[in-house]
Structure formats: C-alpha cells, structure tokens
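Reading the structure
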Amino acid sequence: MSDSDSITSAVPTPRLGLKTFTTNFLGAAPQWYKNTIVAFLVLNPILWWSASLAPFLEGSFLEVVFANMHTVAGWALVLQFIFTLAMALRCYPLQPGGLLAIEAIALGMTNTKHVYQEIVVGFPVILLLLFMVTAIFFMRELLLFIFTKLLVRVRSQILLAFLFSSVAAVLSAFLDALTVTAVVISVGLGFWHVYNEVAEADRSFEDDAAKLKHEQELEKYRAFLRGLLMHAAVGTAIGGVMTTVGEPQNLLISKVMGWDFIEFFLRMAIVTLPVMVVGFCTCVFLELTGWFHYGAKLPNSIREILQDYENQEDKKRTTAEKAQLVVQAIAAILLVFALAFHIAEVGIVGLMIIVIQTAFNGIVDEHRIADGFGEALPFISLLVVFFAIVAVIHDQHLFAPVVNWVLTLEPSQQPGMFYIANGLLSAISDNVFVATVYITEIETAFESGTIDRHLFDTLAIAVNTGTNIPSVLTPNGQAAFLFLLTTSLAPLIRLSYLRMVKMAFPYFVTMGLMGWIMVTFFLYSG
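Residues numbered from 1 in each chain as written. Predicted model: local features only at pLDDT ≥ 70, side-chain atom pairs only at ≥ 80, totals over all residues. Heavy atoms only, no water.

**Brief notes about the overall build of the protein**
Stated formally: Strands here are runs of E lasting at least two residues and helices are runs of H or I lasting at least four, both read from the DSSP assignment and numbered beginning at the N terminus. Radius of gyration means the value over C-alpha atoms here, while the globule rule gives 2.2 Å times the residue count to the 0.38 power. We call a residue buried when its accessible area falls under 20% of the maximum for its residue type, exposed when it is over 50%, and partly exposed in between, using a 1.4 Å probe and counting protein chains only. All accessible-area figures derive from a Shrake-Rupley calculation using a 1.4 Å probe, and residue coverage is judged against the displayed protein chains alone. Neither His nor the chain termini are counted; the positive set is Lys and Arg, and the negative set is Asp and Glu. Taken as the charge location is NZ of Lys, CZ of Arg, CG of Asp or CD of Glu.
Looking only at helices and strands, the protein has 26 helices and zero strands in total. Over its C-alpha atoms the protein spans a radius of gyration of 26 Å, differing by no more than 12% from the 24 Å that the globule rule assigns to 526 residues. The C-alpha extent of the protein, read off along each of the three principal axes, is 90 × 85 × 50 Å. Burial status across the protein gives 52% buried among its 526 residues. With the model as given, the accessible surface of the protein reaches about 23600 Å², and the carbon-plus-sulfur share is 67%. In the protein, 28 positive and 40 negative side-chain charges are present, and the distance between their average locations comes to 10 Å.

See below:
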C-alpha cells in the first residue's frame, strides 16, 4: 500500500447522520424558524385527532371543546400559513407552506379533488402569471428606456417622483405590477453600479476630504433612490388595483363576477380614481416636506455621471437594438388594444405578445425563452399552495362565521367592514390569499340567496380595493414590495423592512382612508 493510500484511508469518512438532514431542512433559514415549522407539523395532527376524544367525554364540558377541535386545527393551519407569508424574508413560503398543505391533505382537512377544483377556478390567474409576466419580461428594454430617460432628463425632484409614480401606475394598470417594479429595480441597480464604477476609478477620492465628500454623496444617492423606488412601488399598487391584469387577485375576482376589462375598470373607478388622486398628492406632499425619509435630491455630480452614461448608451445603440424597441412598442400597443377589447383571455393575450416579440426580435433560442418564464414559476407554485389552504378553509367552513356576521349588518355597513377586514389581513399576510378566500365566501353567500346581485357586486369591489390599497403598509401584502425588499439593490441603498414600512405608512393612511370613505359612504346605493 502506498503512502498516499494510507493517508487517504486514515481520513474518516463523514457519516450520514440526522444532523445532515436537519441542516439541509429549509436550507439557510434560521434555526428558530426551522424549529417553529417542525412544531407546527407536530402540533397539527394532535389538534386534528383530539376531536375523536369527544364521544368519550359525553356530558362533560370538555365534550364541546374537543368536538370543535377540527375548527381549531383548521384555524391553526391558516395562522401558520400566514406566519410563513409574514416571514417570507427568512424563507420563501413555498416550502414551509407546501409542507403544511401536504399535511392538511394527509390529515383529511381537505382532499386533492377539492384542491384541484380550486386550481381550476383560479386557472386564469395562473395563465396570467405564466404568460403575461413573461410577455413583459421580453419588453424590459422598452421599459428600461422609458424610466432611464425620466431619471436623467427630469431635473425637478418633485416632478421626477410624480412621474415615476404615475408612469408606474399607468404601466401596472395594463401590464403587471410585479414586472413593472422589477424594471424600476433594474434601472436603480444599473445606475447604482454605473456611479460606483466611476467613483472607484476616480483617484480624487484618495485623500480624506474627498473620501468624506464621496461618502456624503453616496448617502444622498441612497436616500434619493430609496424615495424614488418607494414612490414607484406605491404607483404600481395605485395602477394595479384598477384593472383585471394589475394584480393576480383582480383577474380571479373579475372571473367570479363575470366582468371584462372595461367593466372591471368602470366598477372600481368610484374608489380607485379618488385613491389615485390622493396617492399622487401624497407623493408630492412627501417630496415637499421631506417627511418619512423622502425628499432627498440627486447630487449634481452624480447626475452628470449618469447623464454621460446615458449619452454613451444612446451612441452605442445599434440599429438592431433600435428595431427591438420599435417592436416592443408595437407589442405594447397591441397589448393595450387586446385587453381593452377583450379579444381573448388575459393569459392567451400574454402568449400572443410573447410570440410577436420573440419572433420579430430574433429570440428563438430555447434557453433565452426559458429565462423569461423562470421569473413567474415560483409565485405560480406558491399560488397553487394558496388554493390548497383555501380548500381547507372551505371544507372546514372557517371564514363562514365571520362572513355571516358581517352579512347580518345593514347592507350599507357591509362594504366598509369587508374593506377593513381584507385590508388588515392583507397587510399581515398576502393580498392574493385574502382576496381568494373572501371572494369565494361572498360568492357562496350570493348563490345561497343570502345577498342579492347588487350587494354581491358592491362587496366584490370592497374585497378588491381592500386587498389592494391598505396592503401597501407592509412588504407582505404586496408582491411588488416584497420583491423590492428581497433584491440585491435593497441592502445597497439601506432599504430595510422597517424603513420600508415607515416610508409606506403615509400612503397607507391617506390612500387607505380615502378608499374606506369611498367604499363606506359612496359605493352602496341601497
């Protein structure tokens, strides 16, 4: 045996033990988070099976307690799932939420048939996410071009903030809020790297005074980008609530109600248009006052660097790249036309836009096309888990008592209560999940004859606006906000969870209050 063989044989082979599996479980998530999920998975069977003890406790007060343990177990599951959504920064909710859903099916809280039925009902939303988000992915160059021109050419900070918010709102109304946010992030990230590359190459920063000046400029630049990105993110919420394609739950609600693109917009307008005005006024007010970390201006030295970069990019742009922008602009016009006249399901329209853009821009490689679809697939998978939890809620009638109580109120009071309930739940969990649950519950009430069609329409508007407007308070409620928080740009510009909540708070108050006033006092006509 050679010396090398002896050394190799002397090294102990690592054993495949329990610690290896526990380390791999949920990957880089904190240990306390892993322990919490395991505790949930252990607790749920205990709660569910304890209901079988009720017959042995007949005549005792404990009989009533244990007889309702199925309801307790169902609510525990819902709260656990909301916890995974709230802790999305620690671990993407698909894995822990998926484990909870699998366990619920195994225990009998629901069954695969009912989950499949929920998925079928929400299939248009899946098509929307799969094809429309991908279609906008192939339109990124045009959107980047638009936002880049705004950032460099507009010198008024107030006007720039207003334009970023309003353009994001308009684009989100016809495209998709999440994708528009992704484009704005790409603009911010690109300009961040441009400035830092120039700054690092500049030797004038070698002395202490220059370094201090650089750090001061950099902090101002961070504050400027934070404010701009938050205005744009809120803008996506303002536009996203207005149309069937702005947010995933909008399409689900429109399908349940039988509203096309135009009818959906007109029905929501009584709430969404006043909210839009208040939102834009809030944007201008925050820039004027500098409250809540807004109002930072772009230093002139950094503006000059960005201007030079933009000029160089314009000069380098080839005729082929210019042709791509033209094709994307034409595709955008076709998209707006197709949505406005409802020529096909939203997802099918998205597929049409994908085909047109990739065909005329020469994107025919399978891997390049796959890149576009990759952005939507994680959220689509999570949406299917949503539907599994919704199936549990339906089978266990968890929300029925709450909905029934609200429906006992005067019809004029019901929209306001639904708006508040949806808004609060969306802020701490996820607006798609909350909207899916509540629109199904009020649909059940309508089909059973509990409410008439007029009230059904009114409550659907309250659900849509309630899940879209107050949910701007936290990153949990809005997928676009969560996406912004989890990108590589957020730590670079010091945009933390708490700071995002603080910056969203004034919008939450002004827009949320205006939405509630319109829903409560102007929506239901009796």
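On we go from here.
**A few points about the nonpolar core**
We count it as follows: By convention a nonpolar core is built from buried Ala, Val, Leu, Ile, Met, Phe, Trp, Tyr and Cys residues, the set being connected through side-chain atoms within 4.5 Å. Only heavy atoms enter the contact rule, under which two residues are in contact if any of them lie within 4.5 Å.
Phe147, Phe164, Tyr221, Phe418, Phe433 and Phe481 are the most contacted members of the largest nonpolar core, which totals 163 residues. Residue contributions to this core peak at 13 residues, all from helix H19 (residues 377-395). In contact with Tyr221, other than residues within four places in its own chain, are Phe191, Trp192, Tyr195, Leu298, Ile302 and Leu306.

**Focus on the packing of aromatic side chains**
Applied cut-off: Aromatic pairs are defined between Phe, Tyr and Trp rings, using the six-membered ring for Trp, whenever the two ring centres lie within 6.5 Å; interplanar angles under 30 degrees are classed as stacked, those over 60 as edge-to-face, and all others as tilted. Charge-over-ring placement is defined geometrically: NZ (Lys) or CZ (Arg) within 6 Å of the ring centre, and within 35 degrees of the ring normal.
Counted according to the given criterion, the structure contains 17 aromatic pairs. Joined through ring pairs, the aromatic side chains of Trp32, Tyr33, Phe40 and Phe83 make up one cluster. One cation-aromatic arrangement involves Arg140 over Phe137; the distance from NZ or CZ to the ring centre is 3.9 Å.

**Things to note about the environment of Ile451**
Tracing the chain through its elements places Ile451 in the loop between helix H22 (431-447) and helix H23 (453-468). The buried category is assigned to Ile451, whose relative accessible area is 7%. Considered as a pair, Ile451 and Glu141 are 310 residues apart in the sequence and their alpha carbons are 48 Å apart.

**Quick notes on the packing of helix H13 (residues 248-257) against H23**
Threshold: Note on method: axes are straight lines fitted to C-alpha atoms, helices fitted across the in-contact stretch only, with angles between N-to-C directions ranging 0 to 180 degrees. What sets the label is the angle itself: under 35 degrees gives roughly parallel, over 145 gives roughly antiparallel, 65 to 115 gives roughly perpendicular, and the rest give oblique. Throughout this entry, Asp, Glu, Lys and Arg are counted as charged residues, while Ala, Val, Leu, Ile, Met, Phe, Trp, Tyr, Cys and Pro are counted as nonpolar. The remaining residues, Gly among them, count as polar.
Two numbers describe how H13 lies on H23: the axes approach to 10 Å, and their chain directions differ by 175 degrees. When the axis of H13 is compared with that of H23, the two are roughly antiparallel. The segment H13 lies against H23, with Gln249, Asn250, Ile253, Val256 and Met257 engaging Arg453, Phe456, Asp457, Ala460, Val463, Asn464, Thr467 and Asn468. Its residues assigned to classes, the contact of H13 with H23 comprises six nonpolar, five polar and two charged.

**What about helix H15 (residues 300-316)?**
The condition is simple: Helices are assigned an expected span. That span is 1.5 Å times one less than the residue count. The arc in question is traced by the directions running from the helix axis to the C-beta atoms.
For H15, spanning 17 residues, the distance from its first C-alpha to its last is 24 Å, which sits close to the expected 24 Å at 1.5 Å a residue. Along H15, the residues classified as buried are Ile302, Arg303, Ile305, Leu306 and Glu310. Taken end-on, H15 shows its buried residues confined to a sector of 160 degrees, consistent with a single buried face. Facing away from the buried side of H15 by more than 90 degrees, the exposed set consists of Asn300, Glu304 and Lys315.

**Re the pattern of salt bridges**
So the rule is basically this: We define a salt bridge as a side-chain nitrogen of Lys or Arg found within 4 Å of a carboxyl oxygen belonging to Asp or Glu.
Going through the model one piece at a time under the given rule, you end up with 12 salt bridges. Close ionic contact of Arg222 with Glu219 constitutes a salt bridge, the shortest N to O distance being 3.3 Å. With Arg222 and Glu219 both in helix H12 (residues 208-240) and three residues apart, this pair spans about one turn of that helix. When the shortest N-O distance is used, the salt bridge between Asp314 and Arg317 registers 2.8 Å.

**Digging into H23**
Counted at 1.5 Å a residue, the expected span for H23 with its 16 residues is 22 Å, and the 23 Å between its end C-alpha atoms agrees. The buried count for H23 comes to 14 of 16 residues, which makes it a mostly enclosed element.

**As for a nonpolar patch on the surface**
This is how the line gets drawn: To count toward a patch, a residue needs a relative accessible area over 30% and no salt bridge; like charges are then connected within 9 Å, while nonpolar side chains (Val, Leu, Ile, Met, Phe, Trp, Tyr) are connected within 5 Å.
Residues Val326, Ile330, Leu334, Phe337, Phe341, Ile343 and Met352 make up a contiguous nonpolar surface patch of roughly 660 Å² in combined accessible area. For the nonpolar patch, the leading source of residues is helix H16 (residues 319-340), giving four residues. With respect to the helices and strands, Ile330 occurs in helix H16.

**Considerations on the confidence of the model for the protein**
Our working definition: Confidence scores labelled pLDDT are given residue by residue by the predictor and lie between 0 and 100.
The share of residues in the protein with pLDDT of 70 or more is 94%, and the mean pLDDT across the chain is 85. For the protein, the element scoring lowest by mean pLDDT is helix H1 (residues 3-10), at 55; helix H14 (residues 261-289) scores highest, at 95.

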